[in-house]
Structure formats: structure tokens, C-alpha cells
Amino acid sequence: MLDPQIRLWIYQHFVDACRAPSLIEIATHFGLTPDQLEQALYRLETEADALVLIPGSRYIWMAEPFSAVPTSFLVRSGSRQWWGICIWDGLAILALLGLDGTVSTACPFSGRPLVVTLANRALVDAPGVVHFAVPARDWWRDIGFT
């Protein structure tokens with residue numbers, strides 16, 4: 001079964017291309033038919049909790065900590081940028097890749113721009129307070145809401 005290799009390749013694609021791979025890119029790389037790819041992505045979502053697909057589709061929505069769609073958490077390091085699913089995941093992208101960078105967002109109350117800076121694997125500038133409305137133990141019950 002190619003599922004572990006597909007999972008790793010998807011993550012590496014996010015890192016290298018700064019975006020999710022298309023279904024055609026995945027299928028071509030692994031020589032899969034559309035049906036085989038759909039089954040593999042479904043398994044990665046339901047059995048491995050490795051991906052979240054856009055509801056009702058085969059398209060990648062999330063591969064923790066990366067988001068395939070724009071969010072309120074833009075992660076930047078040099079000329080590269082990714083979307084994080086939340087502040088936690090935005091910082092996780094930088095930590096996972098061992099990069100200095102920023103996570104740009106906005107205060108949900110005032111709309112004031114906020115930028116959190118990570119350098120030398122430590123927070124350098126982190127205005128405000130991070131609040132998680134959903135306890136971590138419950139995040140995967142509805143990760144799209146969380």
C-alpha cells in the first residue's frame with residue numbers, strides 16, 4: 001500500500017511548492033488511477049487522520065499544519081509562504097521546518113493586524129494572547145470548526 005509514501009510526498013510538496021499538490025500531480029507521480037487516488041486519500045483522511053479533504057470532494061483542505069486554502073494565518077520565511085490553519089499550526093510550520101519567520105494574522109476582536117515572529121527557534125515578538133476556544137482534546141471532532 002502506497003499510503004505512507006503518498007502522505008510523505010504530499011507534505012514534502014507543501015514544503016517545497018508552498019501549496020497543496022493537485023490530484024493530477026499526485027496521481028501522475030504515483031501512477032494511480034483516479035479511483036485508486038480517491039481511495040488512498042479517503043484512507044489517509046479517515047484511517048490515518050493525516051489529511052482533511054474539502055467536504056464532499058477529493059481535494060486536500062488540510063495536511064496538518066498546512067492549509068491548502070487561504071486562512072487568517074499567513075506564514076512567511078524569506079520569499080516562501082504557506083497558510084497555517086491556526087496560530088498554533090502557523091508556528092508549527094516554522095518549527096517543523098526549522099525556519100525563522102513570521103505568522104501574520106489579525107485580532108479577532110479589533111481587526112488590528114498582529115505579527116508573531118520566530119527566530120532561532122524562539123518567539124521574538126508575540127503581541128497579545130493566544131486563546132483556543134476548543135480544548136485540544138476535542139480539536140479533531142470537527143477540525144474545520146476548530
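The rules behind these values
- Residues numbered from 1 in each chain as written.
- Predicted model: local features only at pLDDT ≥ 70, side-chain atom pairs only at ≥ 80, totals over all residues.
- Heavy atoms only, no water.
- Helix = DSSP H or I, 4+ residues; strand = E, 2+ residues; numbered from the N terminus.
- Buried < 20%, exposed > 50% of the residue type's maximum accessible area, 1.4 Å probe, protein only.
- Contact = heavy atoms within 4.5 Å.
- Areas by Shrake-Rupley, 256 points an atom, 1.4 Å probe, with all protein chains shown as cover.
- Lys, Arg positive; Asp, Glu negative; His and termini not counted.
- Salt bridge = Lys/Arg side-chain N within 4 Å of Asp/Glu carboxyl O.
- Phe/Tyr/Trp six-rings, centres within 6.5 Å; stacked < 30°, edge-to-face > 60°.
- Patch = residues over 30% accessible without salt bridge, like charges linked within 9 Å, V, L, I, M, F, W, Y side chains within 5 Å.
- Pairing = 2+ DSSP bridges.

Draft legend 1. Geometry of the overall build of the protein. Secondary structure assignment for the protein yields 4 helices and 8 strands. Out of the 146 residues in the protein, the part that is buried amounts to 36%. Across the protein, the fraction of contacts at a sequence separation of at least 24, relative to all contacts at a separation of at least 6, is 37%. Carbon and sulfur atoms make up 58% of the accessible area of the protein, which amounts to about 8700 Å² in all.

Draft legend 2. Spotlight on the side chain of Asp89. Its place among the elements puts Asp89 in helix α4 (residues 87–97). One buried charge, Asp89, has no salt-bridge partner; the nearest side chain with opposite charge is Arg7, at 12 Å.

Draft legend 3. Molecular detail of the packing of aromatic side chains. Counted according to the given criterion, the structure contains 3 aromatic pairs. Where Trp9 meets Phe30, the ring centres are 5.9 Å apart and the plane angle is 85 degrees; that geometry is what we call edge-to-face. Separated by 21 residues along the polypeptide, Trp9 in helix α1 (residues 3–17) and Phe30 in helix α2 (residues 23–30) bring together distant segments of the chain. On the numbers, 5.1 Å between centres and 15 degrees between planes, the contact of Phe14 with Phe66 is stacked. Residue Phe14 is located in helix α1, and its partner Phe66 is located in strand β3 (residues 66–67); the two are separated by 52 residues in the primary sequence. Owing to a relative accessible area of 1%, Phe14 belongs among the buried residues under this scheme. An aromatic cluster is present here, built from Tyr11, Phe14 and Phe66 joined pairwise through their rings.

Draft legend 4. How the structure looks around a nonpolar patch on the surface. Together, Ile54, Tyr59 and Val69 make up an exposed nonpolar region whose accessible area comes to about 240 Å². What makes Ile54 partly exposed here is its relative accessible area of 32%.

Draft legend 5. Looking closely at the pairing of strand β6 (residues 101–106). Of the pairings in the sheet, the one linking strand β4 (residues 73–77) to β6 comprises 3 bridges and is antiparallel in character. Opposite Val75, over in β6, you have Val103 as the bridge partner.

Draft legend 6. Geometry of the pairing of strand β8 (residues 122–125). In terms of strand pairing, strand β7 (residues 113–119) meets β8 through 3 bridges, oriented antiparallel. In the strand pairing of β8, Thr117 is matched with Asp125.

Draft legend 7. Expanded view of the sheet that holds strand β1 (residues 52–53). Pairing is antiparallel in the open sheet, where 8 strands are placed in the order β1-β2-β3-β5-β4-β6-β7-β8. At either end of the open sheet lies a strand with only one pairing partner, and these are β1 and β8.

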